[in-house]
Amino acid sequence: MRRSRLRATLAFYSLTATQRALLANRGVTSAKVNAALNYLDSLTGEVDRRDDQTINFAKLDWQISARNRASAQYNRTRSAVPSGLLGAAVVDRGVASLGSGYTKIDAVAGRWTWTPSARLALPQEPAIGPGGLAPEIAIGPNGLAFGTPAGVGRRAYPDERRVQAVDAATWSFGRHLLQAGVDFSVVHDEVDALNNTAGTFQYDSGATNGRAGGLVDWITDYTFNVNAYPNGGCPSINATVHLFCFRSFTQSFGQQAVAFNTQEWAGFVQDTWRPRANLTVHAGLRYEYELLPLPQHPNDALDALFRDRGATSIFPEDRNNFGPRVGAAWAPFGTGRGVVRIGYGVYYGRVPGATVRSALENTAQASSATHVRITPSTITTCPQVAGQGFGYVCTYLSAPPAAVASTTLATVFSRRFRTPMVQQGTLAVERGVGAGVVASATYLMNIDRQLPGSVDVDIAPSTGTKTFQIQGGTGAPGVRDGETFVLPVYTARVSDSFGTVTAVTSGVAASYHAVALEARRRSRGGLEFRAAWTWSKAIDQGQNTGATPRLNSQLDPFTVEYDKGLSRLNFPHKFVASAVWEPRVRATEPWVQRAANGWTVTGIFYATSGRPYSYEIVGGTRLAGGREIINGSGGAVYLPTVGRNTLRLDMRMGRVVRVNERVRVRGGVEAFNVANHVNYSGVEQRAFLVGTPVGRVTPLVFQDAAAVAAEGLNVRPFGGYTAAATNLARERQVQLGLEVEF
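Remember, predicted model here, so these are calculated numbers, not experimental data.

A.B. asks: Before we go on, may I ask you to explain the overall build of the protein in this structure?
C.D. replies: Assigned secondary structure in the protein consists of eight helices and 37 strands. Put simply, the protein has 742 residues, and 41% of those count as buried. Accessible surface, the protein as shown: approximately 37,800 Å² in total, 57% of it carbon and sulfur.

A.B. asks: Help me understand the nonpolar core in this model?
C.D. replies: One recurring pattern in soluble globular proteins: nonpolar side chains tend to sit buried together. Of all hydrophobic cores here, the largest spans 37 residues; its most connected members are Leu40, Ile137, Phe146, Leu215, Trp218, Ile219 and Phe390. Among the elements of the structure, helix H1 (17–25), helix H2 (30–42), strand E8 (136–139), strand E12 (200–203), helix H3 (214–223), strand E13 (248–254) and strand E19 (369–374) are those that each provide at least two residues to this core. Among residues more than four places away in sequence, those in contact with Ile219 are Leu15, Leu23, Val28, Val33, Ala36 and Leu37. Counting residues in each nonpolar core, the second largest holds 18 residues, with Leu555, Ile630, Val690 and Phe718 among its members.

A.B. asks: Can you help me understand the sheet that holds E12 in this one?
C.D. replies: In a beta sheet, neighbouring strands pair by backbone hydrogen bonds and run either parallel or antiparallel. As summarised here, the arrangement of the five strands in space is E9-E8-E12-E13-E19, forming an open sheet in which the pairing is mixed. With partners counted over all chains shown, the strands left at the sheet margins are strand E9 (145–146) and E19, one partner each. Where E8 and E12 come together, four bridges link them in parallel fashion. Note that in E12 the partner of Ile137 across the bridge is Phe201.

A.B. asks: I keep staring at the sheet that holds strand E34 (residues 686–690) and nothing clicks. Help me out?
C.D. replies: Reading across from one edge, E24-E23-E35-E34-E30 is the order of the five strands in this open sheet, with mixed pairing throughout. The open sheet terminates on both sides in strands that have one partner only, identified here as strand E24 (484–489) and strand E30 (616–618). When strand polarity is set aside, the average angle formed by the axes of neighbouring strands in this sheet is 35 degrees. Pairing between E34 and strand E35 (residues 697–702): three bridges, direction antiparallel.

A.B. asks: When you look at the pairing of E13 in this model, what are you seeing that I'm missing?
C.D. replies: On a regular strand, each side chain points to the face opposite its neighbour's, so the side chains alternate between the two faces of the sheet. The element E13 is largely enclosed, with a buried count of six among its seven residues. Sheet analysis places E13 next to E19, joined by six bridges and oriented antiparallel. Following the sheet pairing, Phe249 is matched in E19 by Ile374.

A.B. asks: Quick question: what am I supposed to make of the side chain of Ser536 here?
C.D. replies: Along the chain, Ser536 turns up in strand E26 (residues 527–540). Contacts of Ser536, omitting those with residues within four sequence positions, involve Tyr512, His513, Ala514, Asn570, Phe571 and Pro572.

A.B. asks: Could you clarify how one ought to interpret unusual backbone geometry in this entry?
C.D. replies: Excluding glycine, residues mostly carry a negative phi; peptide bonds, for their part, are mostly trans. In this chain, Cys234 is followed by Pro235 through a cis amide linkage whose omega measures -5 degrees. Within the element layout of this structure, Pro235 appears in the loop between H3 and E13. Of note, the amide linkage connecting Tyr392 to Val393 takes the cis form, showing an omega dihedral of 0 degrees. With respect to the helices, strands and loops of the structure, Val393 is situated in the loop between E19 and helix H6 (402–405). One non-glycine residue, Gln450, adopts positive backbone phi at about 60 degrees. With respect to the helices and strands, Gln450 occurs in strand E22 (residues 437–456). For Gln450, a relative accessible area of 25% gives the class partly exposed.

A.B. asks: Explanation requested: the pattern of salt bridges in the structure shown.
C.D. replies: Any two side chains of opposite charge can pair, on the condition that their charged atoms come close. All chains considered together, the criterion is met by 17 salt bridges. For Asp204, the salt bridge goes to Arg247, with nearest N and O atoms at 3.9 Å. Residue Asp204 is found in the loop between E12 and H3, and its partner Arg247 is found in the loop between H3 and E13; the two are separated by 43 residues along the sequence. Accessibility expressed as a relative area gives 14% for Asp204, which makes it buried. Via salt bridges that share partners, Arg341, Glu430, Glu518, Arg520 and Arg530 belong to a single interconnected network.

A.B. asks: Just checking my understanding: could you explain the packing of aromatic side chains for this structure?
C.D. replies: Two descriptors summarise a pair of aromatic rings, namely the distance from one centre to the other and the angle between the planes of the rings. Inspection of the entire model under this criterion finds 26 aromatic pairs. Summarising the aromatic geometry, the rings of Phe184 and Trp265 are spaced 4.3 Å apart at their centres and angled 50 degrees between planes, so their arrangement reads as tilted. Within this pair, whereas Phe184 is found in strand E11 (residues 176–192), its partner Trp265 is found in strand E14 (residues 257–276), the two being separated by 81 residues in sequence. Centre to centre, the rings of Phe201 and Phe246 are 5.2 Å apart; their planes meet at 80 degrees, and the pair counts as edge-to-face. A residue pair is termed long-range when its members are at least 10 positions apart, and Phe201 in strand E12 and Phe246 in the loop between H3 and E13 qualify at 45 residues. Linked through ring pairs, Phe201, Tyr203, Phe246, Phe249, Phe253, Phe390, Tyr392 and Tyr396 together constitute an aromatic cluster.

A.B. asks: Would you take a moment to explain the packing of H2 against H3 for this structure?
C.D. replies: The relative placement of two packed helices is expressed as an angle between their axes plus a distance between the axes. The interhelical angle for the contact between H2 and H3, taken along N-to-C directions, is 105 degrees, at an axis separation of 10 Å. Taken together, the axes of H2 and H3 lie roughly perpendicular to each other. Counted together, Lys32, Val33, Ala35, Ala36, Leu37, Tyr39 and Leu40 of H2 and Leu215, Trp218, Ile219, Tyr222 and Thr223 of H3 form the full contact between these two elements. Residue composition of the contact of H2 with H3, by class: ten nonpolar, one polar and one charged.

A.B. asks: Help me understand the pairing of E12, please; the structure alone is not making it clear to me.
C.D. replies: As judged from the three bridges shared by E12 and E13, these two strands associate in the antiparallel manner. Note that in E13 the partner of Thr200 across the bridge is Thr250.

A.B. asks: Would you mind going over H1 with me for this structure?
C.D. replies: Residues separated by three or four positions in an α-helix point in the same direction, a consequence of the helix having 3.6 residues per turn. Looking at H1, one finds that the buried residues are Gln19, Leu22 and Leu23. The buried residues of H1 occupy an angular sector of 100 degrees when the element is viewed end-on, so they sit on one face. Buried residues along H1 sit in contact with H2 and H3. Immediately beyond the C-terminal end of H1, within one or two residues, lies Gly27, with a positive phi of roughly 90 degrees.

A.B. asks: Honestly, H2 in this entry has me stumped. Any pointers?
C.D. replies: The end-to-end C-alpha distance of H2, which contains 13 residues, comes to 18 Å, matching closely the 18 Å that a straight helix rising 1.5 Å per residue would cover. Buried residues of H2: Val33, Ala36, Leu37 and Leu40, and no others. Along the axis of H2, the buried positions cluster into a sector of 95 degrees, meaning they face one direction only. Residues of H2 that are exposed and point over 90 degrees away from its buried face: Ala31, Asn38 and Ser42. Buried positions along H2 lie against H1, E8, E9 and H3.

A.B. asks: Just checking my understanding: could you explain a nonpolar patch on the surface for this structure?
C.D. replies: Nonpolar side chains collect at one region of the surface, where Ile342, Leu427, Tyr443, Val515, Leu517, Trp533, Trp535, Phe575 and Phe605 lie side by side and expose about 750 Å² of accessible area between them. At the level of elements, strand E25 (501–524) and E26 are the ones that each hand at least two residues to the nonpolar patch. Following the sequence through the fold, Leu517 ends up in strand E25.

Thresholds applied
- Residues numbered from 1 in each chain as written.
- Predicted model: local features only at pLDDT ≥ 70, side-chain atom pairs only at ≥ 80, totals over all residues.
- Heavy atoms only, no water.
- Helix = DSSP H or I, 4+ residues; strand = E, 2+ residues; numbered from the N terminus.
- Buried < 20%, exposed > 50% of the residue type's maximum accessible area, 1.4 Å probe, protein only.
- Areas by Shrake-Rupley, 256 points an atom, 1.4 Å probe, with all protein chains shown as cover.
- Core = buried A, V, L, I, M, F, W, Y, C linked by side-chain atoms within 4.5 Å.
- Contact = heavy atoms within 4.5 Å.
- Pairing = 2+ DSSP bridges.
- Axes fitted to C-alpha atoms, helices over the stretch in contact; angles between N-to-C directions.
- Salt bridge = Lys/Arg side-chain N within 4 Å of Asp/Glu carboxyl O.
- Phe/Tyr/Trp six-rings, centres within 6.5 Å; stacked < 30°, edge-to-face > 60°.
- Parallel < 35°, antiparallel > 145°, perpendicular 65-115°, else oblique.
- Nonpolar A, V, L, I, M, F, W, Y, C, P; charged D, E, K, R; others polar.
- Arc of directions from axis to C-beta.
- Expected span 1.5 Å × (residues − 1).
- Patch = residues over 30% accessible without salt bridge, like charges linked within 9 Å, V, L, I, M, F, W, Y side chains within 5 Å.

Now the structure itself:
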């Protein structure tokens, strides 16, 4: 059990003079400002959170006869996390908006092994694997979220059941060991987890002209809400047209639950040949096939428009997934004096269940799930207040009118979709260097093709360009003050009947190269250790790292060439060192020897390059139902990535006490992050804010401390730390354990 304490900080809510002046121009008095801030203050505080887990494991082994052996095992896990879905010590959510999580996992596995002779074995392994809620209010950047969290209400996420049968045979003859096998799985997924059913208001200013941050915009809407003043107060209540100040509102409707089956077939054959005592050669071939479910809610109108690029009525089949594998191990210095290993193989991935689910239920129909995104300028009424435009704090109780429904998104598989393919190669040299130490050097290579991506196909080709100019940022890596660049601008959709139509693609490529040096020593004199350093470089074209497709992962919807760069999985340097020490003390007094021996001390040191991140550009234009981006496409916008280093030290100490020859009691003390080193896990990526165009040039204002002060904002400048520690690198922790072996 682990108990955490939460304390939300309100330093963000100290308004600047510029922000107070803007609020006054909008008609918000000081008393109203204080009332809004006091309301936010009432939503924050300390919350007791816990994470309870119960894990049960049972296994039965039965030697039926000399040639027959059966085993069965059962794994059971139950987890309850009241108010603890967010595990960090400090989170940016109201005390009533944290969310709870409950998990149930049951797994049963059985194995039967029959050995008819000393040369043939056949193992088999079958295994079974908006109801009165308020919308969420998200104030950014670095602000607070409260209301109903978008992810709350998941009843099954997912309820997944797998039935698997594996059969393999091994045949030994001469200098060959031949293996062949098949693997068949049926996976049933049931997902009952439609997100954002109560709706979400997003507050985060994306321009420098007449805006001063999401907090000011929320205070304005809080003061001039749909019940207090018609049409809000932006840009000013004295303007001819004054709208509400939220940046966007999103909400989901329709199909809550979806169930589907997928089948996975695989077969392999491999020959291990030993032509000489110091040489072993492996060669094999594996075939894989995944059968996806049939579409459940095809949209004929959408398919008629986008059939050439993707359709809701057709799911892909990839039948040519043959993966050859070859390898060799050579001991040129003699047995036990070192080895050279080389290998190459082709591997294929599967289509994640979340991707299949998105294509099944997001077909822009009333019978499926629909997701809308509107802005204050969308002409529609508030369901809660008659005769009033949609604003703070409204939400739809049923399917929205046509003006809003036309912004709904859809997901289709690209016509050219293929499962991911990876070519992997290794070359390793290993040799003893004396004193029981073995050193090795390894080169690893991954050439990845057909990786998952996503693109909005409901975007008409560009008919013009826009020039952007960087202002500020001198000294920031890769940033040059005054530099200009030109991008195509997208201003129209192929069809105004839909919003974002996301095609799940497989045209993303990536590469990974690494060199690893390692030294290790097995237990000798009570001491063993391992130390390894890895240098690597990973490049890709903006692949989707999650299972749920992004709306649009490309900067330009018609090419991925802009997106080639360092991968978000690129961590150039990694160093790991570990040691185990068992003191061996000899003494004339037996009690001294018993007290001094039997201890085990282990330590782990881990250091790696920090998580890479990008220069983020905030602001721009948007198409109906899309996100706001500088070229209007709703895709990704970034500059070259940089990273920061992190450090972690883990240590463990335990003692073994022998009760008798059949029972042992093991007591342990574990300490994590012993030095209590601060591991920064979040950084402000809001690097550029779209400025007011001058002629044909749109400035991008670098958000350093001076620019933030000049704009009257109270947010952190670019590069400022926003979070420290994750679930894997938290503050110093100490835990005790007791284990009985018999």
